[in-house]
Every structure is written in structure tokens, then in C-alpha cells.
Amino acid sequence: MSSTVQAAASSTSSTSNIQLITDALADYAKTTGIDLSKNPFAAAIEGINSPGAILELLQEQEKAFKGYRERNRSLINCLTPAVNVIQAFSGILGEAVSQVSPTCHLVTLLT
């Protein structure tokens, strides 16, 4: 009798966990406009039934992401000096504007 109660409790807990996950996915889709059930990764993971296969799929995704990140590294390396120059120029321009600003107000008050 105790095992029957435990099985029923486990089934109820499992159902409520699935409902929580479903609700969270629906909220995510509503907030972001991205339906994760249509993601190719979701379709790939849906057919998997072993922990080893899930880990293998995750490792493949990790390799793909590392490749993507490394491809864009050259772009970031090229943009870094340009961003540094723009930042320095904006700082100099900001200082120049702050020095000119009180003079402009004084001139407009005098006229």
C-alpha cells in the first residue's frame, strides 16, 4: 500500500513538473517571441533517450559554438583599435564641449 501511495505521489509530482516546464516555455515564448519548440536543437534532443547521447549532442553544440566564436575573433581584433580611437575621440570632444558650454551661455546672456 505504501508503494502505491509513493507511485501516485511520484506521478503527481512528475505531472506538476511537466506542467511547470510547459508554462515556463509558454511564458518565454510570449516574452521573447521565440518558440523554443521550433528550435532544431529541441527536435534533436526530442529523439534522444540516453544520458550519453544527450551529452554527445551537447558536446557537438559546444564545438560548433567554439568554431563560431573563433571565426569572429578576427573581426573583433580588427574592430578593437577603431573602438579605442572612437572612445578617445569622444572623451576629447566631451571635454571640449564642457569647456565651450559656459562661454556660449555667457555670450547669449550678454546679447
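S.K.: Honestly, the overall build of the protein chain in this entry has me stumped. Any pointers?
M.R.: Helix and strand content of the protein chain: four helices and zero strands. Taken from N to C terminus, the helices and strands of the protein chain fall in the order α-α-α-α. Here the protein chain holds 111 residues, and 1% of them are scored as buried. Total accessible area on the protein chain is roughly 9500 Å²; 65% of this is exposed by carbon and sulfur atoms.

S.K.: Which parts of the structure should I look at to understand a nonpolar patch on the surface?
M.R.: Judged by side-chain polarity, Ile21, Leu25, Tyr28, Ile34 and Leu36 come together as a nonpolar surface patch covering roughly 440 Å² of accessible area. Secondary-structure assignment places Leu25 in helix α1 (residues 2–32).

S.K.: Looking at this structure, I do not really get the pattern of salt bridges. What am I missing?
M.R.: Should the charged atoms of two oppositely charged side chains come close, the side chains can pair. Scanning the model with the defined rule gives three salt bridges in all. Asp35 serves as the salt-bridge partner of Lys38, at 3.6 Å between the closest nitrogen and oxygen. Here Lys38 falls in the exposed class, since its relative accessible area comes to 66%. A salt bridge links Glu62 to Lys66, with the shortest nitrogen-to-oxygen separation between them at 3.6 Å. Placement of the pair is Glu62 and Lys66 together in helix α3 (residues 51–71), with a separation of four residues, close to one helical turn. Judged by its relative accessible area of 41%, Lys66 falls in the partly exposed class.

S.K.: Teacher, can you tell me more about the environment of Ile45 here?
M.R.: In this structure, Ile45 sits in helix α2 (residues 40–46). Those residues in contact with Ile45 that sit more than four places away from it in its chain are Ile54 and Leu57.

S.K.: How should the confidence of the model for the protein chain be read in this particular structure?
M.R.: Close reading of the predicted structure is inappropriate where its pLDDT is low. In the predicted model, the protein chain carries a mean pLDDT of 78, and the fraction of residues at 70 or more is 77%. Element-level pLDDT for the protein chain is lowest in α1, with a mean of 73, against a maximum mean of 88 in α3.

The rules we used
- Residues numbered from 1 in each chain as written.
- Predicted model: local features only at pLDDT ≥ 70, side-chain atom pairs only at ≥ 80, totals over all residues.
- Heavy atoms only, no water.
- Helix = DSSP H or I, 4+ residues; strand = E, 2+ residues; numbered from the N terminus.
- Buried < 20%, exposed > 50% of the residue type's maximum accessible area, 1.4 Å probe, protein only.
- Areas by Shrake-Rupley, 256 points an atom, 1.4 Å probe, with all protein chains shown as cover.
- Patch = residues over 30% accessible without salt bridge, like charges linked within 9 Å, V, L, I, M, F, W, Y side chains within 5 Å.
- Salt bridge = Lys/Arg side-chain N within 4 Å of Asp/Glu carboxyl O.
- Contact = heavy atoms within 4.5 Å.
- pLDDT = per-residue confidence, 0-100.

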